[in-house]
Amino acid sequence: MPGMGSASTLITVAPTGAETAKADAPTLPVTLGELVAAAEACQAAGAAMIHVHVRDDAARPTLDPIRLRDTVAALRERTSLIVQLSTGGAIGDSYADRLGVLDAEPDACSLTCGTVNFGDDVFLNPWPFVVDLYRGTQESQVVPEFELFDLGHVATLHRLLDVCGPPYGGHVHCDLVMGVPGGMPGTPQALVAAVAALPAGASWSAAGVGRTALPVMLTALAAGGHLRVGMEDTLSYARGVPVQDNVQLVERAAQAATLAQRPPMTVGQARTWLGVKDRHAPRGAHAEGVR
Ligand code: KMH
Ligand code: ZN
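Residues numbered from 1 in each chain as written. Chains lettered and ligands numbered in written order. Predicted model: local features only at pLDDT ≥ 70, side-chain atom pairs only at ≥ 80, totals over all residues. Heavy atoms only, no water.

A. Quick peek at the coordination of the zinc ion (ligand 2). Donor atoms from the polypeptide that bind the zinc ion (ligand 2) are His-51 (NE2), His-53 (NE2) and Glu-232 (OE), placed at 2.1 Å. Written as a sequence motif, the donor arrangement for the zinc ion (ligand 2) is H-x1-H-x178-E. For the pair His-51 and His-53, a shared accessibility class is recorded, and that class is buried. (Donors = N, O, S within 2.8 Å, 3.2 Å for Na, K, Ca; no water. Buried < 20%, exposed > 50% of the residue type's maximum accessible area, 1.4 Å probe, protein only.)

Right, here's the structure in full:
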């Protein structure tokens, strides 16, 4: 099974997303300050990668290029987390704006491998856009994480690799996003079927949306996978218990991974494993540049 045998667990935190309103979840990090504070706490709790959606001054999702750049810079300044920007954005974002995310020079980005019903909406990812985005990651030397919401997306991933070659970094890493209304269900059976269909040598994490967060996390650990957790995916900690904040979810993931004998992967290990380009400016370079 792809991904079996990893001695440690990559924990990705997805702290914000594009769907939840701040009014409905007061601890959702929506300002740059809140995001950086959440990132620092989540790194200390065991996360090695952060999946980032940015909000504007009214806490609405945005792909504003300046905010994206500032966010990448602030996260690099205050953490060593792998910064993965969302190219999915919010429902209705234009393809041009989503391709423009790469201009912010993140370490990594999400890359959804197909269209999927998304509640009452449709998350559009037609083949030509997927190809453009993937070629963009190769040219920009950004590590893609292939987001798979459905089994058909796994077939598209095979096609993408056949047509366009290997990703930047040389390592195919996927994220099964499970339990979205319209996508594959967050069940052990669906997870096992999706993992069995992945390309040979691919690694994978899994994220369970809503109430599927816990069963997906436990199944992923049992099947040798990695974990994505955070308030983008769930606002419920247990039945009838709301999530306090992102770090609570990362702490639980780190405990579960440790219990499964595959403790959290360090940031350094994750950077090497995924083949992330070193974009940290040498110390003093900025100060010299502005002199
Ligand atoms: N907000 C969803 C429409 C991604 O970040 O790449 C898309 C999404 C996937 O969250
Ligand atoms: Zn996302």
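Next comes the rest of the description.
B. Region of the structure containing the site of ligand 1. Every residue close to ligand 1 is listed here: Ala-18, Glu-19, His-51, His-53, Ser-86, Gly-88, Gly-89, Ile-91, Ser-110, Phe-118, Phe-123 and Glu-232. Within the contact set of ligand 1, an oxygen atom lies 3.3 Å away from a backbone nitrogen or oxygen of Gly-88. Between ligand 1 and Glu-232, the relevant distance is 3.0 Å, taken from an oxygen atom to a side-chain nitrogen or oxygen of the residue. Compared with its free state, where it exposes 300 Å², ligand 1 has 97% of that area covered by protein. (Near = heavy atom within 4 Å. Polar contact = N/O pair within 3.5 Å; in protein donor to acceptor, adjacent residues only side chain to side chain. Areas by Shrake-Rupley, 256 points an atom, 1.4 Å probe, with all protein chains shown as cover.)

C. Representation of helix 9 (residues 267–274) in the model. Taken together, the buried positions of helix 9 are occupied by Val-267, Ala-270, Arg-271 and Leu-274. Projected down its long axis, helix 9 shows its buried positions confined to an angular sector of 100°, all on one face. Elements in contact with the buried residues of helix 9: helix 1 (32–45), strand 2 (49–52), strand 5 (82–85), strand 9 (143–148) and strand 10 (173–178). Of the residues one or two after helix 9, Gly-275 is the one with positive phi, at around 75°. (Helix = DSSP H or I, 4+ residues; strand = E, 2+ residues; numbered from the N terminus. Arc of directions from axis to C-beta. Contact = heavy atoms within 4.5 Å.)

D. Expanded view of the packing of aromatic side chains. Considering all chains together, one arrives at 5 aromatic pairs under this definition. A centroid spacing of 6.5 Å and a plane angle of 55° characterise the contact between Phe-118 and Phe-149, whose relative ring orientation is tilted. Highlighted residues: Phe-118 in strand 7 (residues 116–118) and Phe-149 in the loop between strand 9 and helix 5 (151–164), separated in sequence by 31 residues. Take Phe-118: its relative accessible area is 19%, and that puts it in the buried class. Residue class for Phe-149 comes out buried when judged on its relative accessible area of 7%. (Phe/Tyr/Trp six-rings, centres within 6.5 Å; stacked < 30°, edge-to-face > 60°.)

E. Highlighting the confidence of the model for the protein chain. For the protein chain, the average pLDDT comes to 95, and 95% of its residues sit at 70 or higher. Across residues 284–291 the pLDDT falls below 50, and counting only partners more than four positions away or on other chains, this stretch makes 0 contacts in the model. (pLDDT = per-residue confidence, 0-100.)

F. The arrangement of the sheet that holds strand 10 in detail. Here we have 8 strands rolled up into a closed barrel, ordered 1-2-5-6-9-10-11-12, and parallel in their pairing. Averaged over all pairs of adjacent strands, the angle between their axes in this sheet comes to 25°, without regard to strand direction. Pairing between strand 10 and strand 11 (residues 203–208): 6 bridges, direction parallel. In the strand pairing of strand 11, His-173 is matched with Ser-203. Contacting strand 2, strand 5, strand 9, strand 10, strand 11 and strand 12 (226–229), helix 9 crosses the sheet at an angle of about 55° to strand 5. (Pairing = 2+ DSSP bridges. Axes fitted to C-alpha atoms, helices over the stretch in contact; angles between N-to-C directions.)

G. Geometry of a nonpolar patch on the surface. On the surface, a nonpolar cluster with roughly 240 Å² of combined accessible area is contributed by Tyr-95, Val-122 and Leu-124. Following the sequence through the fold, Tyr-95 ends up in helix 3 (residues 95–100). (Patch = residues over 30% accessible without salt bridge, like charges linked within 9 Å, V, L, I, M, F, W, Y side chains within 5 Å. Salt bridge = Lys/Arg side-chain N within 4 Å of Asp/Glu carboxyl O.)

H. Spatial organisation of the packing of helix 7 (residues 213–222) against helix 8 (residues 246–259). Where helix 7 meets helix 8, the closest approach of the two axes is 10 Å, and the angle between their N-to-C directions is 30°. Relative to helix 8, helix 7 is oriented roughly parallel. In the packing of helix 7 onto helix 8, the handedness of the crossing is right-handed. Residues Leu-214, Met-217 and Leu-221 of helix 7 pack against Arg-252, Ala-253, Ala-256 and Ala-257 of helix 8. Grouping the constituent residues of the contact of helix 7 with helix 8 by class yields 6 nonpolar, no polar and 1 charged. (Parallel < 35°, antiparallel > 145°, perpendicular 65-115°, else oblique. Left-handed = near helix turned anticlockwise from the far one by under 90°. Nonpolar A, V, L, I, M, F, W, Y, C, P; charged D, E, K, R; others polar.)

I. Quick look at the nonpolar core. Core analysis: the largest hydrophobic core is formed by 71 residues, its most contacted members being Ile-50, Phe-146, Cys-174, Leu-176, Leu-191 and Trp-204. Other than its neighbours up to four places away in sequence, Cys-174 contacts Glu-145, Phe-146, Leu-148, Leu-157, Leu-198, Ala-202, Ser-203, Trp-204 and Ser-205. Core analysis: the next-biggest nonpolar cluster, separate from the first, contains 11 residues, Ala-48, Met-49, Ala-108 and Val-143 among them. (Core = buried A, V, L, I, M, F, W, Y, C linked by side-chain atoms within 4.5 Å.)

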